[in-house]
Amino acid sequence: MWCRRLSWLLWGSSGCRWPRSAAVAARGHHTAPQSLRCAWQLHGDHLELRYGNTLMRLDFVWLRDHCRSASCYNAKTNQRSLDTASVDLAIRPQAVRVDESTLFLTWPDGHVTRYGLEWLVKNSYEGQKKQVMHPRILWNAEIYQQAQVPSVDCRSFLETDEGLKEFLQNFLLYGIAFVENVTPTKEDTEILAERVSIIRETIYGRMWYFTSDFSRGDTAYTKLALDRHTDTTYFQEPCGIQVFHCLKHEGTGGRTLLVDGFHAAEQVLRQAPEHFQLLTRVPLKHEYVENVGGCHNHMIGVGPVLNVYPWNNELYLIRYNNYDRAVINTVPHDVVRRWYHAHRALTTELRRPENELWVKLKPGKALFVDNWRVLHGREAFTGYRQLCGCYLTRDDVLNTARLLGLQA
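Basis of the calculations
Residues numbered from 1 in each chain as written. Predicted model: local features only at pLDDT ≥ 70, side-chain atom pairs only at ≥ 80, totals over all residues. Heavy atoms only, no water. Core = buried A, V, L, I, M, F, W, Y, C linked by side-chain atoms within 4.5 Å. Buried < 20%, exposed > 50% of the residue type's maximum accessible area, 1.4 Å probe, protein only. Helix = DSSP H or I, 4+ residues; strand = E, 2+ residues; numbered from the N terminus. Salt bridge = Lys/Arg side-chain N within 4 Å of Asp/Glu carboxyl O. Contact = heavy atoms within 4.5 Å. Polar contact = N/O pair within 3.5 Å; in protein donor to acceptor, adjacent residues only side chain to side chain.

### Thoughts on the nonpolar core
(1) Moving on: With 28 residues, the main nonpolar core has Phe-157, Phe-167, Leu-168, Val-196, Phe-368 and Leu-392 as its most contacted residues.
(2) Moving on: Sorting the residues of this core by element identifies helix H6 (154-159), helix H7 (161-174), strand E12 (176-180), helix H8 (186-194), strand E16 (241-250), strand E23 (366-370), strand E25 (384-392) and helix H12 (394-403) as the ones contributing at least two each.
(3) Moving on: For this core, the element with the highest residue contribution is H7, accounting for five residues.

### Considering the pattern of salt bridges
Any two side chains of opposite charge can pair, on the condition that their charged atoms come close.
(1) Moving on: For the structure shown, the criterion picks out 15 salt bridges.
(2) Moving on: Asp-65 is the partner of Arg-80 in a salt bridge, and the nearest nitrogen-oxygen pair spans 3.2 Å. Separated by 15 residues along the polypeptide, Arg-80 in strand E7 (residues 79-80) and Asp-65 in helix H2 (residues 60-65) bring together distant segments of the chain.
(3) Moving on: Across the salt bridge formed by Arg-228 and Asp-227, the nearest N and O atoms sit 2.8 Å from each other.
(4) Moving on: The exposure class assigned to Arg-228 is buried, which follows from its relative accessible area of 9%.
(5) Moving on: A cluster of three or more residues bridged by salt bridges with shared partners is formed by Asp-227, Arg-228, Arg-351 and Glu-356.

### Comments concerning the environment of Trp-372
(1) Moving on: Along the chain, Trp-372 falls in the loop between E23 and strand E24 (374-378).
(2) Moving on: For the pair Trp-372 and Gly-240, spaced 132 residues apart in the sequence, the C-alpha separation amounts to 5.8 Å.
(3) Moving on: Not counting the four nearest positions on each side in its chain, Trp-372 is found in contact with Glu-237, Pro-238, Cys-239, Gly-240, Phe-262, Tyr-316, Leu-317, Ile-318 and Arg-394.
(4) Moving on: Engagement of the side chain of Trp-372 in a polar contact is seen with the backbone oxygen of Cys-239, the distance being 3.5 Å.

### Section: the side chain of His-229
(1) Moving on: Residue position: His-229 is located in strand E15 (residues 226-229).
(2) Moving on: A polar contact of 3.2 Å, which involves the side chain of His-229, links it to the side chain of Asp-231.
(3) Moving on: Those residues in contact with His-229 that lie beyond four places of it in its chain are Tyr-320, Asn-321, Tyr-323, Leu-375, His-376 and Gly-377.

Just geometry here; none of it tells us what the structure is for.
See below:
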């Protein structure tokens, strides 16, 4: 029905094109020139606008609330000036006009709102649904190794925007990035981390530094192997980025395991979408209880294993840690068995040998890991091993990337 109506609107019953612009009282349906592939139609509470390949449904209140005129929006501060609560929820434009690039709306009080059609496509719900918030390259071990992603030299990373931008581009695309030739000290690692973000202080302090002395109530402080996991799942907002730097290792073993959790989740989505959806909807508790020496902590974080943007189903966070998952008491009986099946499907993908990237960390080579995406683990080791690192605030890393012109 819409296609027939659009054809009539664009060409008319006699096959003639409409004039170069159309301006009418706010009722009925009209078009801009046929060559612009634009047509619009008014409904009771919204404007239906087709531009290019995008059909948008724009609520009248939304159209008034997002007005970019000088009285409604401060372009210098990029902040809204209009009081949203003052907009009549029954508002309707008195007149609508569309030219080659702009939608004009005249409101009952005479105020005129102008929107670029390209702006509307980019910022409408329908436009956002087609876009990816964070472009990524999903990988297994073979894909990452064939890509031959270069490490960035420490001096270039610290002293040039080009080096920093290359590092951040690698990090955004793959969820991991390396910096070489770092002086193997905790102080130099701290300088490195502060180049991209504010360091997030946690219960482990600002910069953590440990050996296998079990000084904290955590398996990480041992020589035992660690299965793949994300960190701080017991925080309400898990830490965004983790920095690792091995300062010394006199022994064997201890390789670091890296797995792209988003790649594994994508396989689950393709093979069993019902499992994927269940993992995005069932909330779980993760817990950290510590009573060692002078350290006393009881942290609880709640959230699903997979977190997605609801408008486009894009995955943005995986919360996976079998060590720290608490008692499952947030899932009713008729769901819990299905959740176990879904969790098993994801675990199977995460544990596929072809998805495992093993890296031997060594003094001078620092590793940055996207803790919202990439799981890490460790093989058992012998001898004396010193490791330092920290957590970074995700917002500040993404802010640095955007300032360098990257999509983040």
